[in-house]
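Next come the chains, spelled out residue by residue.
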Amino acid sequence: MPYNKITDNVLAAIKSIVGDDAVITQLSSLEKYSHDETEDLHYYPEVVAKPKSAEEVSALMRLCNEHLIPVTPRGAGTGLSGGALPVMGGLLIAMERFNKILAIDEQNLQATVEPGVVTEEFMDAVAGKGLLYPVDPASKGSCFIGGNVSHGSGGPRVVKYGTIREYILNLEVVLPSGEIIWTGANTLKYASGYNLTQLMIGSEGTLGIITKIVVKLIPRPTLDALMLGSFSSNEAACEAVSAIFRAGIIPSALEFMERRGVEWVIEHDGINFDLKDGIEAFLLIEVDGNNQDVIFADCEKINQVLEAFNCKEVLFADTSAKKEELWRIRRTMAVSVKSNSIYKEEDTVVPRASLPQLIKGIKETGLKYGFESVCYGHAGDGNLHVNIIKGKMSDDDWNNRLKEGISEIFELTVSLGGTLSGEHGIGLVQKGFMPIKYQPAHFELWRGIKQVFDKNGILNPGKIF
Ligand code: LAC
Ligand code: ZN
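Remember, it's a predicted structure, so these values are computed and weren't measured experimentally.

Student: How should I be thinking about the packing of helix H8 (residues 234–246) against helix H10 (residues 292–308) in this particular structure?
Tutor: In helix packing, the relevant descriptors are the interaxial angle and the interaxial distance, both defined with respect to the helix axes. Relative to each other, H8 and H10 sit at 145°, their axes nearing to 9 Å. The way H8 lies across H10 gives a crossing that is right-handed. On H10, the residues touching Ala 240, Ala 243 and Ile 244 of H8 are Ile 302, Val 305 and Leu 306. Residue classes in the contact of H8 with H10 are distributed as six nonpolar, no polar and no charged.

Structure below.
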């Protein structure tokens, strides 16, 4: 697609739409918008604009469509697949001024929020009213809810409560043409034609720019219990995961962590944790509800399952400080791995009973290609974050041969009934692997959908496929 550069005239038009103060052109200030949390990638936009209303976004889209200028929407920049990187230059639309919770409707258990609201701030606001918004990615303290919608985000509590797909009722979206639409209705049921709300969720900013979000809320459980099971092997820990569900329990979180990940968190974060010899893997398991007896009984059943799978030790977090500490180990793992080594992160997901085969295969692939990996993730969903560590690998192996190893991991994932990404999205860095899972007919359908929404291909070009 032949795109145009932003000329002085177009820049003047951008400034007249959003105001001079909301436009960035200086290289040093553009740096912040040139990367996300994905490895070490940098792509600079020509210009950043920070609109504050759907009408301003619409005017920017019309302008860029007319002049064939690429437009990349950006939330908080916490993405892990390069989705917000302006790979073709052009205009980057930063959504940070869309930072208001517009309404919390306690009659219907719904809220209307702007996309630049920090996820945890929204969770806290509804928690204050006894309500739960359970979609809590590890980056909840810094990511935006709009980015979560765009990536179909998850997090630890998906296992009981579902992904963000279960909580988005309706979206206000600016289309590449500049037209502003609501995708659906503020209802819990929807059987009125193609579901554009669900199509927008996970579309990674390639079909439209979200400017308002109507969210479903649920009553907040009042009690929870947290336990940590220690295992002498990854596979034993992974075997126990599906057995917990077969025993009749759906935990509110069921996270897997490899020893190396925990070691790096301890080093990086100075967390006080007694890491015993011979322990290779952990399951962090939370149960929530409103009845203490039921929660105790569930914990007891889980304990029995863990014992049956050779769990060496089960630790119950008996204070909220202890719970916080255990969650901190899990939540800071991504940052700790990043600070420790050059790495690449994959986001494999399989039906949960196949986790033991997945992790075994990942380690075998590592031996074959000479890389170490640190795995952790949302085991209850079958979602494993695979961090491939450069370690002693030569630059040549890292830059050239590793792709084959990653392809083998994805081939295994697909053969187990899984797919490339459970929650981080495809963006820029995973798109080359898409043919491992998807056939030409999928690409044809996706291209057709993209064409209908964005006939000039200006919106977030170079992503997904
Ligand atoms: C996590 C992020 C990386 O689960 O998805 O920590
Ligand atoms: Zn995750």
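So, next bit.
Student: Can you walk me through the sheet that holds strand S2 (residues 47–49) in this structure?
Tutor: In a beta sheet, neighbouring strands pair by backbone hydrogen bonds and run either parallel or antiparallel. Pairing is mixed in the open sheet, where four strands are placed in the order S1-S2-S4-S3. The open sheet has two edge strands with one neighbour each: strand S1 (23–24) and strand S3 (71–74). Note: S1 against S2, two bridges, orientation antiparallel. Paired with Ile 24 across the strands is Val 48, a residue of S2.

Student: Can you help me understand the coordination of the zinc ion (ligand 2) in this one?
Tutor: Those donors, His 378 (NE2), His 385 (NE2) and Glu 423 (OE), are the protein atoms that reach the zinc ion (ligand 2), and they lie 1.9 to 2.1 Å from it. Along the chain, the residues that donate to the zinc ion (ligand 2) are spaced as H-x6-H-x37-E. Exposure class is identical for His 378 and His 385. Each is buried.

Student: Just to check I follow, could you spell out the packing of helix H1 (residues 8–18) against helix H3 (residues 54–67) for this structure?
Tutor: At a minimum axis separation of 9 Å, H1 and H3 run at an interaxial angle of 165°. Accordingly, the angle class assigned to the pair H1 and H3 is roughly antiparallel. Our pair here, H1 against H3, has a crossing hand that is right-handed. Along the contact surface, H1 presents Val 10, Ala 13, Ile 14, Ile 17 and Val 18, while H3 presents Glu 56, Ala 59, Leu 60, Leu 63 and His 67.

Student: When you look at the site of ligand 1 in this model, what are you seeing that I'm missing?
Tutor: The immediate surroundings of ligand 1 are formed by Leu 80, Ala 138, Arg 330, Ala 334, Tyr 376, His 378, His 385, Glu 423 and His 424. Within the side chain of His 385, one N or O atom sits 3.0 Å away from an oxygen atom of ligand 1. In this structure, Glu 423 approaches ligand 1 through a side-chain N or O atom, which is 3.0 Å from an oxygen atom. Alone, ligand 1 offers 220 Å² of accessible surface; in the complex the protein occludes 93% of this. Looking at side-chain class alone, the shell around ligand 1 contains four nonpolar, three polar and two charged residues.

Student: Hey, could you run me through helix H12 (residues 333–340) in this one?
Tutor: For an α-helix, 3.6 residues make a turn, and residues three or four places apart therefore share a direction. Turning to H12, its buried residues number three or more, namely Met 333, Ser 336 and Val 337. The buried residues of H12 occupy an angular sector of 100° when projected down its axis, which confines them to one face. For H12, the elements touching its buried residues are strand S13 (253–258), helix H9 (259–269), helix H11 (320–331), strand S16 (343–349), strand S17 (372–378) and strand S18 (383–389).

Student: Help me out: how do you make sense of the pattern of salt bridges in this one?
Tutor: If charged atoms from side chains of opposite charge come close, those side chains can pair. Within this structure, the stated rule accounts for 25 salt bridges. Where Asp 224 meets Lys 323, a salt bridge forms, and the shortest distance between an N and an O atom there is 3.0 Å. Of this pair, Asp 224 sits in strand S12 (residues 223–231) while Lys 323 sits in helix H11, and the two are 99 residues apart along the sequence. Residue Asp 224 is classed as partly exposed on the basis of its relative accessible area of 34%. Across the pair Arg 330 and Glu 255 runs a salt bridge, and its minimum N-O distance is 2.6 Å. In this pair, Arg 330 is assigned in helix H11 and Glu 255 in strand S13, connecting sequence segments 75 residues apart. The buried category is assigned to Arg 330, whose relative accessible area is 4%.

Student: So what exactly am I meant to see when it comes to unusual backbone geometry here?
Tutor: Negative phi is the rule for most residues except glycine; trans is the rule for most peptide bonds. In this model, Leu 109 sits at a positive phi of 55°, which is unusual for a non-glycine residue. Of the residues examined, Leu 109 reaches a relative accessible area of 24% and is grouped as partly exposed. Of note, Ile 464 is a non-glycine position whose phi angle comes to about 70°, a positive value. Positionally, Ile 464 belongs in the segment after helix H15 (440–453). With a relative accessible area of 11%, Ile 464 lands in the buried category.

Student: Quick question: what am I supposed to make of the sheet that holds strand S5 (residues 101–105) here?
Tutor: The sheet built from five strands is open, its strands ordered S5-S6-S10-S8-S9 with antiparallel pairing. Each edge of the open sheet is held by one strand with a lone partner, namely S5 and strand S9 (180–182). Put simply, the sheet's adjacent strands are angled 10° from each other on average, direction ignored. Alignment of S5 against strand S6 (residues 110–113), held across four bridges, turns out to be antiparallel. In the strand pairing of S6, Asp 105 is matched with Gln 110. Running over the sheet, H3 touches strand S8 (168–174), S9 and strand S10 (209–216) and is turned about 50° from S8. Each of S5, S6 and S10 is contacted by helix H4 (residues 119–127), which is oriented at about 35° to S5, the strand it contacts most.

Calculation rules
Residues numbered from 1 in each chain as written. Chains lettered and ligands numbered in written order. Predicted model: local features only at pLDDT ≥ 70, side-chain atom pairs only at ≥ 80, totals over all residues. Heavy atoms only, no water. Axes fitted to C-alpha atoms, helices over the stretch in contact; angles between N-to-C directions. Helix = DSSP H or I, 4+ residues; strand = E, 2+ residues; numbered from the N terminus. Left-handed = near helix turned anticlockwise from the far one by under 90°. Contact = heavy atoms within 4.5 Å. Nonpolar A, V, L, I, M, F, W, Y, C, P; charged D, E, K, R; others polar. Pairing = 2+ DSSP bridges. Donors = N, O, S within 2.8 Å, 3.2 Å for Na, K, Ca; no water. Buried < 20%, exposed > 50% of the residue type's maximum accessible area, 1.4 Å probe, protein only. Parallel < 35°, antiparallel > 145°, perpendicular 65-115°, else oblique. Near = heavy atom within 4 Å. Polar contact = N/O pair within 3.5 Å; in protein donor to acceptor, adjacent residues only side chain to side chain. Areas by Shrake-Rupley, 256 points an atom, 1.4 Å probe, with all protein chains shown as cover. Arc of directions from axis to C-beta. Salt bridge = Lys/Arg side-chain N within 4 Å of Asp/Glu carboxyl O.

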